[in-house]
Amino acid sequence: MSQCIKILQKIHSKEIHVDALGKAKQFALFSIARPHMRSFHSSWFCFFMAFTSWFGIQPLLPTIRKELGLSKLDLANSGIASVAATIVVRVIIGPLCDRFGPRRTMAGLLMAGAVPMALSGLIKDGTGLIVLRLFIGVLGGTFVPCQFWTSAMFSPKIVGTANAMVGGWGNLGGGFTFLLMPGLFELIIALGADAFLAWKLAVVVPAVICVILGISILFTTDDCPQGDWSNRKLPEITIKMSKDKIVQNEKGVPNLGFQPDLPFNEKQNEASKETKVEITKKDLSEKKAEDSEEKGGKCTSDECCTVVTVVILMLQYGMCFGWRLP
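Residues numbered from 1 in each chain as written. Predicted model: local features only at pLDDT ≥ 70, side-chain atom pairs only at ≥ 80, totals over all residues. Heavy atoms only, no water.

How we decide: UniProt positions are given in the numbering used here, feature names are shortened, and annotations may be inferred rather than shown by experiment.
With an unreviewed UniProt entry as reference, the protein is termed NRT, source organism Mytilus coruscus. UniProt annotates the protein under Subcellular location (unreviewed entry) with the comment "Membrane". According to the UniProt record, the Sequence similarities (unreviewed entry) comment for the protein is "Belongs to the major facilitator superfamily. Nitrate/nitrite porter (TC 2.A.1.8) family."

## Describing the environment of W229
For clarity, the cut-off: Under the scheme used here, helices are H or I runs from DSSP no shorter than 4 residues and strands are E runs no shorter than 2 residues, and both carry numbers assigned from the N terminus. In what follows, residue pairs with any heavy atoms lying within 4.5 Å of each other are defined as contacts. What qualifies as a polar contact is a pair of N or O atoms within 3.5 Å, subject to a donor-acceptor requirement within protein and to the restriction that residues adjacent in sequence count only when both atoms come from side chains.
One can find W229 in the loop between α11 (204-220) and α12 (264-275). The spatial distance from the C-alpha of W229 to the C-alpha of R99 is 8.6 Å, given a sequence separation of 130 residues. Once you skip the residues sitting within four places of it in the chain, W229 turns out to touch C97, D98, R99, F100, G101, P102, F148, A152, D223 and C224. In terms of polar contacts, W229 uses its side chain to reach the backbone carbonyl oxygen of D98, at 3.0 Å.

## Notes on the nonpolar core
This is how it is decided: Residue types Ala, Val, Leu, Ile, Met, Phe, Trp, Tyr and Cys, when buried and joined through side-chain atoms within 4.5 Å, form a set referred to as a nonpolar core. A simple rule labels every residue: compare its accessible area, found with a 1.4 Å probe on the protein chains alone, to the largest value its type can have, and call it buried under 20%, exposed over 50%, or partly exposed in between.
In this structure, I57, L60, I64, L110 and F154 are the most contacted members of the largest nonpolar core, which totals 53 residues. Of the residues forming this core, the biggest block, 9 residues, is contributed by helix α2 (residues 36-54). Contacts of F154, omitting those with residues within four sequence positions, involve K23, A24, Q26, F27, H36, M37, F40, V159 and A162. Counting 6 residues, the second-largest nonpolar core is a separate cluster that includes V89, I93, C97 and V138.

## What to know about the packing of aromatic side chains
Heads up, the rule is: Within 6.5 Å between ring centres, the rings of Phe, Tyr and Trp (the latter by its six-membered ring) count as paired, and their orientation is classed by plane angle as stacked under 30 degrees, edge-to-face over 60, tilted in between.
This model, assessed by the stated rule, comprises 15 aromatic pairs. Residues W44 and F48 carry aromatic rings whose centres are separated by 6.2 Å and whose planes lie at 80° to one another, so their mutual orientation is edge-to-face. Here the residue W44 and the residue F48 both occupy positions in helix α2, the gap between them amounting to 4 residues, near one helical turn. Look at F51 and F55: their rings are 5.6 Å apart centre to centre, the planes differ by 65°, and that puts the pair in the edge-to-face class. Its relative accessible area of 2% is what places F51 among the buried residues.

## Notes on α2
How we decide: Given a helix with a known number of residues, its expected span is that number minus one, times 1.5 Å.
Spanning 19 residues, α2 covers 27 Å between terminal C-alpha atoms, matching the ideal 27 Å at 1.5 Å per step. A large share of α2 lies buried, amounting to 16 of its 19 residues.

## Description of the side chain of S43
Summarising the element assignment, S43 is placed in helix α2. With residues up to four places along the chain from it excluded, the contact list for S43 reads M106, C146, W149, T150 and V166.

## Side note on the confidence of the model for the protein
Which entries qualify depends on this criterion: Scored from 0 to 100, pLDDT reflects the predictor's confidence in each residue.
When pLDDT is averaged across the protein, the result is 80; 71% of the residues are at 70 or more. Every residue in residues 245-259 scores below 50 in pLDDT, and together they form 8 contacts with partners more than four places removed in sequence or on other chains. Contacts from residues 322-326, a stretch scored under 50 in pLDDT, to residues over four places away or in other chains number 13 contacts.

## Considerations on the UniProt feature "transmembrane region" (unreviewed entry) in the protein
Residues annotated in UniProt with the feature "transmembrane region" (unreviewed entry) correspond here to residues 44-61, 73-93, 105-123, 129-149, 169-191 and 197-219. The span residues 44-61 carries 67% helix and 0% strand; its end-to-end C-alpha distance comes to 27 Å. This span, residues 73-93, is 100% helix and 0% strand, and a straight line between its end C-alpha atoms measures 30 Å.

## A few points about helix α8 (residues 159-171)
End to end, α8 covers 18 Å across 13 residues, agreeing with the expected 18 Å (1.5 Å per residue, within 8%). Packed against the buried residues of α8 are α2, α7 (143-153) and α9 (173-190).

## Thoughts on the pattern of salt bridges
What counts is decided by this rule: One speaks of a salt bridge when a side-chain nitrogen belonging to Lys or Arg is within 4 Å of a carboxyl oxygen belonging to Asp or Glu.
Taken as a whole, this structure holds 5 salt bridges when the rule is applied. For D223, the salt bridge goes to R103, with nearest N and O atoms at 3.0 Å. Placement of the pair is D223 in the loop between α11 and α12 and R103 in helix α5 (residues 102-118), with a sequence separation of 120 residues. Residue R103 is classed as buried on the basis of its relative accessible area of 8%. Two residues, R104 and D223, come together in a salt bridge whose shortest N-O distance is 3.7 Å. With R104 in helix α5 and D223 in the loop between α11 and α12, this pair connects stretches of sequence that are 119 residues apart. One network of salt bridges, in which partners are shared, links R103, R104, D223 and D228.

## Focus on the packing of helix α4 (residues 72-100) against α7
For clarity, the cut-off: A fitted line through C-alpha atoms serves as each axis, taken over the contacting stretch for helices, and the angle formed by two N-to-C directions is quoted from 0 to 180°. Each crossing is labelled by how the near helix is turned from the far one, with a counterclockwise turn of less than a right angle marking it left-handed and a clockwise turn marking it right-handed. Here the term charged refers only to Asp, Glu, Lys and Arg, the term nonpolar to Ala, Val, Leu, Ile, Met, Phe, Trp, Tyr, Cys and Pro, and the term polar to all other amino acids, Gly among them.
With their axes 9 Å apart at the nearest point, α4 and α7 run at an angle of 35° to one another. The hand of the α4/α7 crossing is right-handed. Two secondary-structure elements touch here, α4 through R90, I93, G94, C97 and D98 and α7 through F143, V144, P145 and F148. In terms of residue class, the contact of α4 with α7 is built from 6 nonpolar, 1 polar and 2 charged.

Now the structure itself:
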């Protein structure tokens, strides 16, 4: 046991190299040191528990349907409402992450989704189930701050790996709930409660965990390597111009006042033409074309939608969310 503790302490104390913005350039998976690795583990575990609660009612639907006398249409509509809410929430949550940071946004989503989850036992009909799952769908929006959090903590060198790991581990909550919720249900029945009361008590457990997580990350984690989101370090923006775009006139502007063959107004116009630097749309388009050729990328945002692999990935992701009706 002592040897394991020493190993964990050694890994925990491992120094993590960072870039100019303070973002981590490597992993220490067994470490929970602030700010990088603690935020890493907090992001995926919060996402994990959010998905566990989001799908928490699903394993209990056979019992709920029997006790409340619901139809298959009620169950199907409740699933649609749950996903519909998540789509809307994910669109809204992005700007909130930009404004308040991932830590506060994640905490707010966890606590907001935990309230309807804990009140699931109050439903009495199909309409109540649909409205309930609509509000519980808020928890599906935790995917956005989860990805945002690791993007703020890890450098471009490994940020893709970090996002993949927290997203994959968090999604496991959707499967883990089919082990957790039936287990809680059977445990409560074994303690002496009937089926009607057991499912109402079982849904409270993940809700309580979400509230505890939401409160704890506010005091134990960081938004970015600099701590609070308001203290984040932004990359410096530099404007570079090619040498051929710099206009220099070593000889200066000719003194047109000594040219007697031009009227005074024409002299002024000629002088202004000599000194005025105009940037036309053609110049800008040529500049953008040169930059794109230097970077080697020719695919615009409109063209990317026509790429077959992108369309296939979109279809796969869209069809992977489904529910098997009992």
